[in-house]
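The chain contents come next:
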Amino acid sequence: MIQKFSMKFFIDTANLAQIKEANELGILDGVTTNPSLMAKEGIKGEAAIINHYKAICELVDGDISAEVIATDFAGIVEEGKKLAAIHKNIVVKVPMIKDGIKAIKYFSDAGIRTNCTLVFSAGQAILAAKAGASYVSPFIGRIDDSGWDGVQLIEQIVHIFSIQGFKTEVLAASIRFPNHIIRCAEAGAHVCTCPLDSILGLLKHPLTDIGLAKFLEDAKKTQ
Ligand code: E4P
């Protein structure tokens, strides 16, 4: 089945300078963060976390995934509501656990968008989609790390969502290198969230550099 959409590019970082650099390329559609990425930037405490999300939302006009820390239904709902109140573009990132699924259904009914994270199987993706998740995030790099093929899982979930008519978008996460992005595009991922290096890696080809050097050399003869 041919689907008509173009794969969205999100950047997978909480680093403001990298978000700004990717945004200035003009190809950025959103941002994903997680507690590890926030900790890496030294963001600590509720006020600092909220301010950091505000700063990201000011930089990028697109969906910004903000992850809850709570793992029980009441806690996820309370935290998710606070995050969603920061900005209209915030998507509440909820872990793939039983209470997470309940919370995704709650948020979906309340009109709050969600990204179901830590997805490693098609079954998990189906459950999240059924609960009304806006996005599911299969972690393809971590699947590859454990000796399986992460992109195959993207293909499988995209196929299932397409034949079942789920509106949930497949957000390929845990990208490790540029070829992951290309393979996710081939597999029909709706979104790819990538480290800045992997996005910039798409620019590179030695023949481009050699060709440009030759053109610039020859251009001198025309001046
Ligand atoms: C993004 O939504 C995920 O949290 C992230 O891509 C995980 O990436 P990692 O496997 O490199 O930590």
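Scroll up to find the structure.
Below: a short report on this structure. On a predicted model such as this, the values are computed, not experimentally measured, just so you know. (Residues numbered from 1 in each chain as written. Predicted model: local features only at pLDDT ≥ 70, side-chain atom pairs only at ≥ 80, totals over all residues. Heavy atoms only, no water.)

### Notes on unusual backbone geometry
- With phi around 65 degrees, leucine 118 is a residue other than glycine that occupies positive phi space.
- Of note, leucine 118 is situated in strand β5 (residues 114-119).
- Phi angles above zero are rare outside glycine, and serine 174 is one such case at about 60 degrees.
- Tracing the chain through its elements places serine 174 in the loop between β7 (169-172) and α9 (178-187). (Helix = DSSP H or I, 4+ residues; strand = E, 2+ residues; numbered from the N terminus.)

### A short note on the packing of aromatic side chains
- The full count for this structure, using the stated rule, is five aromatic pairs.
- For the ring pair phenylalanine 10 and tyrosine 135, a centre distance of 5.9 Å and an interplane angle of 70 degrees mean the geometry is edge-to-face. Placement of the pair is phenylalanine 10 in strand β1 (residues 8-12) and tyrosine 135 in strand β6 (residues 135-138), with a sequence separation of 125 residues. With respect to class, phenylalanine 10 is no different from tyrosine 135; both count as buried. (Phe/Tyr/Trp six-rings, centres within 6.5 Å; stacked < 30°, edge-to-face > 60°. Buried < 20%, exposed > 50% of the residue type's maximum accessible area, 1.4 Å probe, protein only.)

### What to know about the packing of helix α6 (residues 122-131) against helix α8 (residues 150-164)
- Contact pair α6 / α8: the axes reach a minimum separation of 10 Å and the direction vectors enclose 35 degrees. Seen from above, α6 lies across α8 with right-handed handedness. Here Ala122, Ala125, Ile126 and Ala129 of α6 lie close against α8, whose contacting residues are Leu153, Gln156, Ile157, Ile160 and Phe161.
- Residue composition of the contact of α6 with α8, grouped by class: eight nonpolar, one polar and no charged. (Axes fitted to C-alpha atoms, helices over the stretch in contact; angles between N-to-C directions. Left-handed = near helix turned anticlockwise from the far one by under 90°. Contact = heavy atoms within 4.5 Å. Nonpolar A, V, L, I, M, F, W, Y, C, P; charged D, E, K, R; others polar.)

### Digging into a nonpolar patch on the surface
- Together, Leu212, Phe215 and Leu216 give the surface a local cluster of nonpolar side chains, amounting to about 350 Å² of exposed area.
- Tracing the backbone through its elements, the reader meets phenylalanine 215 in helix α11 (residues 206-221). (Patch = residues over 30% accessible without salt bridge, like charges linked within 9 Å, V, L, I, M, F, W, Y side chains within 5 Å. Areas by Shrake-Rupley, 256 points an atom, 1.4 Å probe, with all protein chains shown as cover. Salt bridge = Lys/Arg side-chain N within 4 Å of Asp/Glu carboxyl O.)

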